[in-house]
Amino acid sequence: MKIDYVEMPSSDFAATKAFYAAAFGWEFEEWGEEYLAFSNAGLEGGFRRADGPPPRGGSLIILLAEDLGAAEKAVTGAGGEIIERHEFPGGKRFHFTDPSGNELAVWTKLPL
């Protein structure tokens, strides 16, 4: 089986839509007041209404970027907060939080 769908919490759908549309060009469809689906992200998913920020340390969604610097500027320009940067064999990445407190990461491959 393959991963088919990703779901994250959101305490503010308007802020979530604005952030991900500005930072990554994601598109959205609202399904009532409790669910916000996204597309144009490489894998479809959605945001469910939540009261507060999720706990840190759970599963991590990692996006791939060709230009990590441009991705970081897009994230911070859209209101995301960079919380970690590091390199590893073959690549480097940064972690960020979105307006609802979800932690995601963006990575890029280093040239061989």
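An account of the accompanying structure is given in this report. (Residues numbered from 1 in each chain as written. Predicted model: local features only at pLDDT ≥ 70, side-chain atom pairs only at ≥ 80, totals over all residues. Heavy atoms only, no water.)

So, the sheet that holds strand S2 (residues 27–30)
- Spatially, the 4 strands line up as an open sheet ordered S1-S4-S3-S2, and their pairing is mixed. Looking at which strands have only one partner, the edges of the open sheet turn out to be strand S1 (6–10) and S2. Ignoring which end each strand starts from, the neighbouring axes of this sheet average 25° apart. (Pairing = 2+ DSSP bridges. Helix = DSSP H or I, 4+ residues; strand = E, 2+ residues; numbered from the N terminus. Axes fitted to C-alpha atoms, helices over the stretch in contact; angles between N-to-C directions.)

Digging into helix H2 (residues 68–77)
- Of the residues making up H2, those classed as buried are Leu 68, Ala 71, Glu 72 and Val 75. One side of H2 holds all its buried residues, which, seen down the axis, span an arc of 100°. Residues of H2 that are exposed and point over 90 degrees away from its buried face: Lys 73 and Gly 77.
- The secondary structure elements touched by the buried residues of H2 are helix H1 (13–24), strand S6 (81–88), strand S7 (91–97) and strand S8 (103–109). (Buried < 20%, exposed > 50% of the residue type's maximum accessible area, 1.4 Å probe, protein only. Arc of directions from axis to C-beta. Contact = heavy atoms within 4.5 Å.)

Thoughts on H1
- Taking 1.5 Å as the rise per residue, H1 with 12 residues should run 16 Å; its terminal C-alpha atoms sit 16 Å apart, in good agreement.
- Considered for burial, the residues of H1 that qualify are Phe 13, Thr 16, Phe 19, Tyr 20 and Ala 23. In a view along the axis of H1, the buried residues occupy a sector of 130°, so they form one face of it. Exposed and facing more than 90 degrees away from the buried side of H1 are Ala 14 and Ala 22.
- Where H1 begins, one side-chain oxygen reaches toward the backbone nitrogen of Ala 14, 3.1 Å away; that side chain belongs to Asp 12.
- Where H1 ends, the next residue or the one after it, Gly 25, has phi of about 75°, a positive value. (Expected span 1.5 Å × (residues − 1). Polar contact = N/O pair within 3.5 Å; in protein donor to acceptor, adjacent residues only side chain to side chain.)

Quick notes on the packing of aromatic side chains
- Tallying each qualifying case throughout the model produces 12 aromatic pairs.
- Between Phe 19 and Tyr 20 the ring centres are 4.8 Å apart and the planes differ by 85°, which places this aromatic pair in the edge-to-face class.
- Classification of Phe 19 by relative accessible area gives buried; the value is 1%.
- Considering the side-chain rings of Trp 26 and Phe 38, the 4.5 Å spacing of their centres and the 20° angle between planes classify their relative orientation as stacked. Of the two residues, Trp 26 sits in the loop between H1 and S2 while Phe 38 sits in strand S3 (residues 35–39), which places them 12 residues apart along the sequence. Side by side, Trp 26 and Phe 38 carry an identical accessibility label, which is buried. (Phe/Tyr/Trp six-rings, centres within 6.5 Å; stacked < 30°, edge-to-face > 60°.)

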